[in-house]
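# What the coordinates show
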Protein chains: 2
Amino acid sequence: MIRVIIIGSGNVGIHLARVFLNTREIKLVQVYNRTLEPLKKIEGKVSTTTNLNELKDADIYIISVSDNSIENISKSLNFTAKLVVHTSGSTHLNTLNSSNRKGVFYPLQTFSKNKELSFKGIPICIESENNNDLMLLKSLASLISNNVYILDSKQRFNMHISAVFVNNFVNNLYYIGNEICEKNNIPVEILHPLIKETAEKVQTLAPKDAQTGPARRKDTATIESQLKQLTEHHAAIYKILTDSIIKTYS
Amino acid sequence: MIRVIIIGSGNVGIHLARVFLNTREIKLVQVYNRTLEPLKKIEGKVSTTTNLNELKDADIYIISVSDNSIENISKSLNFTAKLVVHTSGSTHLNTLNSSNRKGVFYPLQTFSKNKELSFKGIPICIESENNNDLMLLKSLASLISNNVYILDSKQRFNMHISAVFVNNFVNNLYYIGNEICEKNNIPVEILHPLIKETAEKVQTLAPKDAQTGPARRKDTATIESQLKQLTEHHAAIYKILTDSIIKTYS
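On to the overall build of chain A, then. Tallying secondary structure elements over chain A gives eight helices and eight strands in all. Seen through its C-alpha atoms, chain A measures out along the principal axes to roughly 65 × 35 × 30 Å. Buried residues in chain A amount to 47% of all 250 residues. Within chain A, residue pairs in contact and separated by at least 24 positions form 52% of the contacts whose partners lie at least 6 positions apart.

Written as structure tokens, this is what we have:
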């Protein structure tokens, strides 16, 4: 039985709390949050607190707060020599205060408040200062996910950049696609199967081999005629990504 | 029974030929291609020809060739007053020669030679000059897909631009994500669940509500630190899409 306390109740914290509560080999001892409101989502299922000085005893303390609060929260803990980890993609292990043993427990996924998802397929990236702690984090991660990766802070930082490209930026392109449809009275649902297939294709095919479209074909006539239709903002994005595709194959 | 002839054996032509061959209410009469090689994929299953003057009689002739060959091919047909359609997203209906009745039969999907996919979910956009032909195209489309849309040439043109954003450009971002992983010795498979969930999320949630990440949070410290790690090429894309996200929420 691994005893865990979660510090912070944002999207990641709440999702972790839920999956821990549903995993027999994990004991979720307590959940902390600065304010009461977010704790209501798990009310009655686990001990909660808004006072950092009231944290109970546990094997792993998981700090799941905004990146720029991690350092302060880890400094504010009134115990020492415990395993304290954060859940951030782009925060270095050493941002955590040295009074406790440091670690990272970073689930690579996009969490939304109102969308449930299974943890089994979510990659969890772990890191720690010593092998015992790494094995403990690996045990915890393996209980909720089939994809556990050991990455150092530099690798994790770069992987988070990758994630920004394939999630944050991709989602903005979905948004632009929708905008263009709406402007032309085309139901946005028309794009859904294409969006899905584009993502599914690269699960088995390298993106380099999956590329299609006017830029891939260097079809400058189509590129020019499409550019003419776009707002300045969309045209700038169109140009840079068209150049990027052309560059990939030249 | 709708009798169809396909002119051109690229990705779209071959995928259409296969689904027509598997649909009882459709009779695929013949497939034309300029050269013999691509026709080998459907050899023995349907009459084939490399001579445009040998085309048989059919209810619908589907020209599925590169955008800039559509006009010439439609001019070269030695018959008149037949229904001749093209399968292009960004080509106007009137690009087709006026000696025949014009139409469009455009499946909105990314077709790769080596990946099979079911047509049932693929949106098919149809257009024609008169209602009888439109109903015939609707019947044909409905036999292979559950998502049939009537779009005029301007709408289809703009929808094709949307598709360039949500497919072509998205795929280039997947490619960049892979590149960053490979450079840092991170297995690219780590990105697959995130890519899939990002696409699945917007099937039910508007992209505007699904957005997460440093740009959404206006987390300038993370943005600056990530930018420092990137090549000039990747940094330029990072900047323009970060600005685009910030703009969306300001």
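So, on to the environment of B:Ser244. Residue and element names in this part refer to chain B. Structurally, the position occupied by Ser 244 is in helix α8 (residues 232–248). Residue classification places Ser 244 among the partly exposed positions, given that 19 C-beta atoms sit within 10 Å. When the C-alpha positions of Ser 244 and Ala 215 are compared, they lie 8.9 Å apart, and in sequence the two are 29 residues distant.

Quick look at the relation of the copies chain A and chain B now. When chain A is fitted onto chain B, the two copies agree to an RMSD of 0.0 Å after a turn of 180° and an axial shift of 0.0 Å. Taken together, the turn and the small shift mark the pair as related by a two-fold rotation axis. Judged by C-alpha distance, A:Val170 is the residue of chain A that lies nearest the rotation axis, at 2.8 Å. When the interface residues of chain A are mapped onto chain B, 100% of them again lie at the interface, so the same face is used by both copies.

Residue and element names in this part refer to chain B. What you see with strand β4 (residues 60–63) is no split at all: Ile 60 and Ile 62 on one side and Tyr 61 and Ile 63 on the other are buried throughout. Relative to β4, strand β1 (residues 2–7) runs parallel, the two being bridged by four bridges. Bridging from a neighbouring strand, Ile 6 pairs with Ile 62 of β4.

All right, on to the domain arrangement of chain A then. Residues and elements named next belong to chain A. Looking at the assigned domains, one finds that chain A contains domain 1 (2–151) and domain 2 (156–248). One C-alpha centre belongs to domain 1, the other to domain 2; they are set 35 Å apart. Every contact between the two is made by nine residues of domain 1 and, on the other side, six residues of domain 2. If you list the elements that add at least two residues to the side of domain 1 that touches domain 2, you get β6 (101–107) and β7 (124–128).

To continue, consider the interface of chain A and chain B. Taken together, the contacts link 77 residues of chain A with 77 residues of chain B. Listing elements by their share of the side of chain A that touches chain B, those giving two or more residues are α4 (153–183), α5 (192–204), α6 (207–210), α7 (220–229) and α8 (232–248) of chain A. Class assignment for the residues of the side of chain A that touches chain B results in 39 nonpolar, 30 polar and eight charged.

Of all hydrophobic cores here, the largest spans 137 residues; its most connected members are A:Ile62 and B:Ile62. Ignoring any residue separated from it by four or fewer positions in sequence, one finds B:Ile62 in contact with B:Val4, B:Ile6, B:Ile7, B:Leu16, B:Val85, B:Thr87 and B:Phe105.

Moving on to the environment of A:Glu25. Residues and elements named next belong to chain A. Assignment of secondary structure puts Glu 25 in the loop between α1 (11–21) and β2 (26–32). Remark: the alpha-carbon pair of Glu 25 and Asn 184, spanning 159 residues in sequence, is separated by 53 Å. Ignoring any residue separated from it by four or fewer positions in sequence, one finds Glu 25 in contact with Met 1, Ile 2 and Leu 143.

Attention now moves to unusual backbone geometry. Even without glycine at this site, A:Asn185 takes up a positive phi of about 55°. With respect to the helices and strands, the residue A:Asn185 is situated in the loop between α4 and α5.

On to the sheet that holds strand β2 (residues 26–32) of chain B. Residue and element names in this part refer to chain B. Strands sit in the order β3-β2-β1-β4-β5-β6-β7-β8 across an open sheet of eight strands; the sheet is mixed. Every other strand in the sheet has two partners, leaving β3 (47–49) and β8 (148–150) as the edge strands with one partner each. Here the average twist between neighbouring strands, direction ignored, is 25°. Where β2 and β3 come together, three bridges link them in parallel fashion. Bridge pairing in β3 links Tyr 32 to Thr 49. Strand contacts of helix α1 (residues 11–21): β1, β2, β4 and β6 (101–107), with the helix running at about 150° to β2, the strand carrying the most contacts.

Our next topic: the confidence of the model for chain A. Within chain A, residue pLDDT values average 95, and 98% of them lie at 70 or more. For this predicted complex, the interface confidence score (ipTM) comes to 0.91, while the overall pTM stands at 0.91.

A separate point is the sheet that holds strand β8 (residues 148–150) of chain A. All names here are of chain A. Pairing is mixed in the open sheet, where eight strands are placed in the order β3-β2-β1-β4-β5-β6-β7-β8. Every other strand in the sheet has two partners, leaving β3 (47–49) and β8 as the edge strands with one partner each. Neighbour-to-neighbour, the strand axes of this sheet turn through a mean angle of 25°, independent of strand direction. Summarising the sheet, strand β5 (residues 83–86) and β6 pair through four bridges and their orientation is parallel. Residue pairing in the sheet places His 86 in a bridge with Val 104 of β6. With respect to the sheet, α4 is in contact with β6 and β7, its orientation differing from that of β7 by roughly 155°.

In this section: the environment of A:Leu194. Along the chain, A:Leu194 falls in helix α5. A C-alpha to C-alpha distance of 39 Å links A:Leu194 and A:Ser69, two positions 125 residues apart in sequence. The residues contacting A:Leu194, other than those within four sequence positions of it, are B:Leu108, B:Gln109, B:Thr110, B:Ala163, B:Val166 and B:Asn167.

Moving on, we come to the pairing of β2(A). Residue and element names in this part refer to chain A. Most of β2 is tucked away: five of the seven residues are buried. Here strand β1 (residues 2–7) pairs with β2 via six bridges, running parallel. For Ile 2, the partnering residue across the bridge sits in β2 and is Ile 26.

It is worth spelling out the packing of α4(A) against helix α5 (residues 192–204) of chain B at this point. Close contact between α4(A) and α5(B) brings their axes to 10 Å; oriented N to C, the two are set at 20°. As the angle between them shows, α4(A) and α5(B) are arranged roughly parallel. Note on packing geometry: the crossing formed by α4(A) with α5(B) is right-handed. Contacts between α4(A) and α5(B) involve A:Ala163, A:Val166, A:Asn167, A:Val170, A:Asn171 and A:Tyr174 on the former and, on the latter, B:Leu194, B:Ile195, B:Thr198 and B:Val202. For the contact of α4(A) with α5(B), the class distribution of residues is seven nonpolar, three polar and no charged.

Conventions we followed
Residues numbered from 1 in each chain as written. Chains lettered and ligands numbered in written order. Predicted model: local features only at pLDDT ≥ 70, side-chain atom pairs only at ≥ 80, totals over all residues. Helix = DSSP H or I, 4+ residues; strand = E, 2+ residues; numbered from the N terminus. Buried ≥ 20, exposed ≤ 12 C-beta atoms within 10 Å, placed from the backbone. Contact = placed C-beta atoms within 7 Å. Least-squares fit on C-alpha atoms with pLDDT ≥ 70 in both. Pairing = 2+ DSSP bridges. Domains from an automatic or database assignment. Nonpolar A, V, L, I, M, F, W, Y, C, P; charged D, E, K, R; others polar. Core = buried A, V, L, I, M, F, W, Y, C linked by C-beta atoms within 7 Å. Axes fitted to C-alpha atoms, helices over the stretch in contact; angles between N-to-C directions. pLDDT = per-residue confidence, 0-100. Parallel < 35°, antiparallel > 145°, perpendicular 65-115°, else oblique. Left-handed = near helix turned anticlockwise from the far one by under 90°.

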